[in-house]
Amino acid sequence: MSQSTSSERVIIFDTTLRDGEQSPGISLDVGEKLEIAEQLARLGVDYIEAGFPIASQGDFEAVHAIASAIEGPTICGLSRTAHKDIDRCWEAIEPAAKRRTTGLPAESTITTDEFMEATLDVWRIDAEQATRVGHPAPFPVELPRRLIDLYTYRDDVVLDPFMGSGSTLVAAARSGRSGVGYDLDPEFVALAGQRVAEERKRQAHGLGASWRRADQAGTGRQEALFDEQAEQEAVLDRAAEAGKKAADIAEALLGEAGFEVVKAGAGLRGLGVSFPFLATDAAEGRPWYVDVAGTFTTSRPGMRRNDVLWRTLGRAHVLAAADEDARLLVLTSKLPRAGSDGDRALRAIGGRGLFDAIEMFDEDGRERLAGYATGSPDRPLPGFWSDAEVERHFG
Ligand SMILES: C[S@@+](CC[C@H](N)C(=O)[O-])C[C@H]1O[C@@H](n2cnc3c(N)ncnc32)[C@H](O)[C@@H]1O
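About the cut-offs
Residues numbered from 1 in each chain as written. Predicted model: local features only at pLDDT ≥ 70, side-chain atom pairs only at ≥ 80, totals over all residues. Helix = DSSP H or I, 4+ residues; strand = E, 2+ residues; numbered from the N terminus. Buried ≥ 20, exposed ≤ 12 C-beta atoms within 10 Å, placed from the backbone. pLDDT = per-residue confidence, 0-100. Contact = placed C-beta atoms within 7 Å. Pairing = 2+ DSSP bridges. Right-handed = clockwise from strand over helix to strand, strands pointing away. Expected span 1.5 Å × (residues − 1). Axes fitted to C-alpha atoms, helices over the stretch in contact; angles between N-to-C directions. Core = buried A, V, L, I, M, F, W, Y, C linked by C-beta atoms within 7 Å. Parallel < 35°, antiparallel > 145°, perpendicular 65-115°, else oblique. Left-handed = near helix turned anticlockwise from the far one by under 90°.

A few words now on the overall build of the protein. If you tally the helices and strands in the protein, you get 14 helices and 10 strands. Out of the 395 residues belonging to the protein, those deemed buried represent 36%.

For the rest of this paragraph, the subject is the environment of Glu198. Its place among the elements puts Glu198 in helix H8 (residues 186–204). A sequence separation of 28 residues divides Glu198 from Val170, and the C-alpha atoms of the two residues are 9.0 Å apart.

Another aspect to go through is the environment of Ala62. Mapped onto the secondary structure, Ala62 falls in helix H2 (residues 57–69). We classify Ala62 as buried; it has 28 C-beta atoms within 10 Å. Separated by 34 residues in sequence, Ala62 and Leu28 place their C-alpha atoms 9.5 Å apart.

This part takes up the confidence of the model for the protein. On average, residues of the protein score 80 in pLDDT, and 82% of them reach the 70 mark or higher. Confidence, expressed as mean pLDDT per element, reaches its minimum in the protein at helix H9 (residues 220–242) with 46 and its maximum at strand E4 (residues 157–160) with 95. A low-confidence stretch, residues 207–229 (pLDDT under 50), is modelled with 28 contacts involving residues beyond four sequence positions or located in other chains.

Time to look at the pairing of strand E9 (residues 328–332). With 5 of its 5 residues buried, E9 lies for the most part within the structure. Direction of pairing for strand E8 (residues 287–293) relative to E9: parallel, over a ladder of 5 bridges. Residue pairing in the sheet places Val292 in a bridge with Leu331 of E9. One ladder, built from 4 bridges, connects E9 with strand E10 (residues 356–359); its direction is parallel. Opposite Leu329, over in E10, you have Asp356 as the bridge partner. With helix H12 (residues 341–348) bridging E9 and the parallel E10, this β-α-β connection has right-handed handedness.

This next bit is on helix H10 (residues 246–257). In this model, H10 (12 residues) spans 16 Å end to end at C-alpha, consistent with the 16 Å of a helix rising 1.5 Å per residue. Within the sequence span of H10, burial applies to Ala246, Ile249, Ala250, Glu251, Leu253, Leu254 and Ala257. Gly258 occupies a position one or two residues after H10 and carries a positive phi of about 115°.

A few words now on the sheet that holds strand E7 (residues 273–280). Paired through their backbone hydrogen bonds, the strands of a sheet run either parallel or antiparallel. In space, the 5 strands of this open sheet follow the order E6-E7-E8-E9-E10, with mixed pairing throughout. Every other strand in the sheet has two partners, leaving strand E6 (260–268) and E10 as the edge strands with one partner each. Each strand axis lies, on average, 30° off the axis of its neighbour in the sheet, ignoring direction. Running at roughly 160° to E8, helix H11 (residues 306–322) makes contact with E6, E7, E8 and E9 of the sheet.

Its identity is not glycine, yet Asp155 carries a phi of approximately 80°, on the positive side. Checked against the element boundaries, Asp155 lands in the loop between helix H6 (142–151) and E4. Of note, the phi angle at Ser376 is positive, near 45°, even though the residue is not glycine. In this fold, Ser376 is placed in the loop between helix H13 (363–375) and helix H14 (387–394).

Here the focus is the sheet that holds strand E3 (residues 74–76). The strand order across the open sheet formed by 3 strands is E1-E2-E3, and the pairing between neighbours is parallel. Taken across any chain shown, the strands that pair with only one partner, and hence form the sheet edges, are strand E1 (13–14) and E3.

Here the focus is the nonpolar core. One finds Ala250, Val290 and Leu331 to be the most contacted residues of the largest nonpolar core, which totals 38 residues. Examining the composition of this core, we find that 6 residues originate from one element, H10, more than from any other. Val63, Ala67, Ile75 and Cys89 belong to the second-largest nonpolar core, a separate cluster that totals 19 residues.

Successive side chains on a regular strand alternate, one facing one side of the sheet and the next facing the other. Alternating residues of strand E5 (residues 178–181) divide into Gly179 and Gly181, all buried, and Ser178 and Val180, none buried. Running through helix H7 (residues 167–174), the crossover from E4 to the neighbouring parallel element E5 is right-handed.

A few words on the environment of Gly72. Within the fold, Gly72 resides in the loop between H2 and E3. For Gly72 and Leu40, which are 32 residues apart along the polypeptide, the C-alpha to C-alpha distance reads 9.7 Å.

Attention shifts here to the packing of H6 against H7. With their axes 8 Å apart at the nearest point, H6 and H7 run at an angle of 50° to one another. With respect to their mutual orientation, H6 and H7 come out oblique. Where H6 crosses over H7, the handedness of that crossing is right-handed. Where H6 abuts H7, its residues Pro144, Arg145 and Ile148 lie against Ser167, Thr168, Ala171, Ala172 and Arg174.

Below, the structure written as structure tokens:
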């Protein structure tokens, strides 16, 4: 294609999310709209008409979410020429427009998966212990961090006029914001100052270290939890770098390993189940169904969530019932903890239904994936399955 001059350039104004949604039988929730908007941004459209904000609360929320999270295209909303319409429309698109035009920070630090999780009604976050923090009413740093990530941008200033032990300011520092706090009690002012200083010291030793939370050191069990969070944070950083969404990362990993993704959204005819990808290996061109389980989020990622685990098990079971020779790879951001109920349930489906379950950023897992693409073996490589389980289930 020849290079076009700017006067020849076609400007694309996409109305899928407004006009398209008004087609009979179509209804999109905020998550689906965000997903489509992300794809439109990737396609390089110039404008996205994200909805009709005055039409309903759902439309308003969708436009607001898209204006907050999507970078690249200009985000618009539809409005009639009435003050009420225009005000509501401006309210919805303001997060993107105002920030950029006034030169205020506008860089989001939340992955799309985290954004989606944060829009759920119930947040699951591990509890904090008063004795560990030294304040009678502490809460986990993860809680203000999620709110800060969701409602502010990197380099913004967070004000906590009731600073207490400083959990909010620790969260602000951890997510790349500055913080200012006040408290009536000088002891809390000192404690908060100390915690923020410790947080900054850990950050100076690398971002991952900031997740060890040595300022909250306590029982062995909790320390193990924090180490695990440090590990998760490193995975999240890589996820964000790699393109944000678990399904995108899975697709990239399949390609890197030597698979060809022949179909995205591979359904099983008549069974109402579909898998994110159908891929063929490079060795023999044999088909593999690929499921992507869970998201890259800091709390309960991947198959650590019961609903994700059981959805994956259900789909695997339907696939095995429909086609006993089908091979299913499950790619996840996190496998269930070894020996947990979830781990036992996953192993119980054995060779029928599950060929291998692979953590996306586990080096050994990625090697197994490459082994399947280049060798098309009939038995999985030990890793998720032990040698004995490979023998027992795949004979
Ligand atoms: C539950 S703590 C706040 C926790 C804190 N936002 C954090 O992120 O860790 C409430 C704090 O508000 C302080 N406080 C109460 N009244 C206040 C006031 N009028 N001005 C400043 N601080 C006040 C208390 O001393 C107490 O430490």
